[in-house]
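These are the residues of each chain, in order.
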Amino acid sequence: GDAWRAAAPDDGGAGCDRGGSVSTTGLRVAASDGIVRGTPGEDPEEQVVGPKDAAFLFCSSTNSHLDIDPKGTCCCRWNDAGEWQTLRVEPLAPGYVALKSHTGRYLDVDDGRVLACAEIPVAWMLRITPSHVISSPPSRQSLVSDIRASGSGSSLASTPSNGSASGELTAGAHLRLRHQASGLWAHVSAEEADAANRFVSTTPDVATASVFVLEKQTWRVPELDSASRDVTIRHLLTHTSGLNYAGQAARPTTALDALVRPLILRCESGEVTTLEEWTAEMAKLPLRCQPGSRFQYGYSTDVLGRIVEVLAEAPLDVALRRRVLEPLRMTSTTFAAAAGERLASLYKLSGDPSLPPELLDDSLDANGSQWVPPRGPAPVLGGGGGVEGVRGGLLSTTSDYMSFCHMLLGRGQLNGVRVLKESTVELMTEVNHLGLVLGDPSATIGSGDCRGWGLLGGIELPTKSLSEDPGHNPGTYGWGGWASTIFRVNPASGVCFVFMTNCVGAEERVEKLILRRVGEAVRNGGKGPSTPLQFLWGLLSGSRPSVDASATMAGTVAAAAVLSALLAAGLAARRGRLGGGSAALA
């Protein structure tokens, strides 16, 4: 505590008491996320949703927002409104709108499912409560017009009727969506236990259509409240500090994003060069929510990296090398690659599956890699790798990171070298610390997610049945990185695996399938396909390959390594970017 206080800025910065709490002197919390929801007291003019506004649809029956992944799949699985939930409501004929997703595609109906797959606007008719349509100024084109009474709500029509009014759609409107071409209504199953499977389907009956509440992003700088409590190191370890990843998206979706984005740009330009400087600047910005109130994955681990520096009295890379990397002989794990060293290319999957991946970084490029001098490495050594938009975080190999996982299976030691006490490993991997912070032992990291939070990432809790997820294994822990680099450790079976693709966005197409297949193999007592190629075929085709009783998880892990190398379009010996995987080492 004294070391942290001594290293902190003046009174306006972040200090620390002996109890491990970062002082809230001057610390502020965003009173709102800049989103208008049509609640009393909001400016009526600000509630109007126009075709240029960022809007969101909140499904009241599932308590989550309509979400569109890069493939165009529409789900209702997250409560927060972010980049993947952003829509543009474009007016068509009176009473009809088109819904444009963040991928640039329009919502349409295909084989009974709502997908963001159309290249041209597709008409949707709205059934709306009349209390959320206000008079339209003559100078502005109406988004919604001509309301015809229909039962408990109102149905927008293209012809005038008695009691009709010309108006504009506003935040807080309760909508049912009817696809004009098919006549089907959008529907989300509220009974689906797994939030990841709450796909937006259709129904012919308006009575079973889902109700969506319209929200609007205003970009108004939120009012700031004082933090109600100190931020503790436990809050940082459990991502309940109030820090999220605001500002990471190139296109901000909240007012808080717009406040944090300049700091990221200052890091990328070289104006901010140390973790100490970055932490001091971050302390001047508002938190997303009150400390200790909810799970918000974000910059907490980067702040912990600064705490490591103060306690170790050394830069983060030196502290990691002395305490973790050298004892475990992880010689290929660093924050930078040397000139001429082989480094796997970094890709990003497009929102359109028919398009090739976008190349984000390549050591063979004429300009060089962002992790290799002179372009790199990033000067700020982020513990979580999220300080800049692309550059930053640790580089490693599957072999190196597997050594780290084997140390965890060895309860703190590897090859006779101990780096953690056995009781420390137990505390890090067997306790749902999120439940301790929030006062709910069953607390999870998200709606519909079966994972709590230890100190090395998510911990699978015994909350699912085999029928819901055959790959679910209570007690398994681990986490994933930005470039689809993941690790999992299952202490009960003595199995761990590392999976690296170096392909941003691959988690939606491949990672979940890998986790499911490996989880099934672990549940089957370590038995897997007889050869890595059989495993790969079963993985990609969705079939269940034949099982050889003599086969072990070694074949499964080897096949996963082969697949990751194929997806990275690089050599298995090349180093990949850990992204969020850096957090576990930190």
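Everything numeric here is computed off the predicted structure, so don't read it as measured data.

Rules used throughout
Residues numbered from 1 in each chain as written. Predicted model: local features only at pLDDT ≥ 70, side-chain atom pairs only at ≥ 80, totals over all residues. Heavy atoms only, no water. Helix = DSSP H or I, 4+ residues; strand = E, 2+ residues; numbered from the N terminus. Contact = heavy atoms within 4.5 Å. Pairing = 2+ DSSP bridges. Buried < 20%, exposed > 50% of the residue type's maximum accessible area, 1.4 Å probe, protein only. Expected span 1.5 Å × (residues − 1). Polar contact = N/O pair within 3.5 Å; in protein donor to acceptor, adjacent residues only side chain to side chain. Phe/Tyr/Trp six-rings, centres within 6.5 Å; stacked < 30°, edge-to-face > 60°.

**Some details on the overall build of the chain**
What the chain contains, in helices and strands, is 14 helices and 34 strands. Relative to all contacts within the chain whose residues are 6 or more apart in sequence, the contacts with residues 24 or more apart total 63%.

**Digging into the sheet that holds strand S24 (residues 358–361)**
With respect to topology, 3 strands assemble into an open sheet ordered S24-S23-S33, the strand pairing being mixed. Edge positions in the open sheet fall to S24 and strand S33 (503–504), since each of these has one partner strand only. Bridge count for strand S23 (residues 346–348) against S24 is 3 bridges, and the pairing is antiparallel. From the neighbouring strand, Tyr347 faces S24, where its bridge partner is Leu359.

**Side note on the environment of Leu214**
Summarising the element assignment, Leu214 is placed in strand S20 (residues 212–217). Relative accessible area serves as the criterion here: at 1%, Leu214 is assigned to the buried category. Distance in space between the C-alpha atoms of Leu214 and Cys59 is 9.2 Å, their sequence separation being 155 residues. Beyond its immediate chain neighbours, meaning those up to four positions away, Leu214 contacts Val49, Ala55, Phe56, Leu57, Val89, Leu169, Thr170, Ala171, Gly172, Ala173 and Leu175.

**So, the pairing of strand S6 (residues 74–78)**
When you tally the buried positions in S6, you get 4 out of 5 residues, the bulk of the element. Where strand S5 (residues 64–68) hands over to S6, the hairpin turn is made up of 5 residues, of which Gly72 adopts a positive phi near 95°.

**Section: the environment of Leu434**
When you line up the elements, Leu434 lands in helix H10 (residues 433–438). Look at Leu434 and you get buried, because its relative accessible area is 0%. For Leu434, the residues in contact, after removing those within four places along its chain, are Thr238, Thr240, Phe295, Ala443, Thr444, Ile445 and Trp453.

**Description of helix H8 (residues 398–409)**
Relative to the 16 Å expected for 12 residues at 1.5 Å per residue, H8 spans 16 Å between its end C-alpha atoms, a close match to the ideal helical length. Every buried residue of H8 is listed here: Asp400, Tyr401, Met402, Ser403, Phe404, Cys405, Met407 and Leu408. Arg411 occupies a position one or two residues after H8 and carries a positive phi of about 55°.

**A few points about the side chain of Asn432**
Note on placement: Asn432 falls in the loop between helix H9 (422–429) and H10. Judged by relative accessible area, which is 12%, Asn432 ranks as buried. A polar contact is formed between the side chain of Asn432 and the backbone oxygen of Pro441, at a distance of 3.1 Å. Those residues in contact with Asn432 that sit more than four places away from it in its chain are Pro441, Ser442, Ala443, Gly452, Trp453 and Leu461.

**A closer look at the environment of Gly446**
Inspection of the secondary structure assignment puts Gly446 in the loop between H10 and strand S28 (451–453). Expressed as a C-alpha distance, the spacing of Gly446 and Trp78, which sit 368 residues apart in the sequence, is 7.4 Å.

**What about the packing of aromatic side chains?**
Any aromatic ring pair is given by two values, namely how distant the centres are and how the planes are angled relative to each other. Summed over the entire model, instances satisfying the criterion amount to 9 aromatic pairs. Their ring planes at 55° and their centres at 5.4 Å tell us that Tyr401 and Phe487 sit as a pair that is tilted. Taken together, the residues span a long stretch of sequence, with Tyr401 in helix H8 and Phe487 in strand S31 (residues 485–490) at a distance of 86 residues. Of the aromatic side chains, those joined through ring pairs into one cluster are Tyr245, Trp278, Phe295, Tyr297, Tyr299, Trp453 and Trp479.

**What about unusual backbone geometry?**
A cis amide bond links Pro373 to the next residue, Pro374, at an omega of 10°. One can find Pro374 in the loop between S24 and strand S25 (395–396). A cis geometry characterises the amide bond from Gly376 onward to Pro377, with omega recorded as 0°. The residue Pro377 is located in the loop between S24 and S25 in this model.

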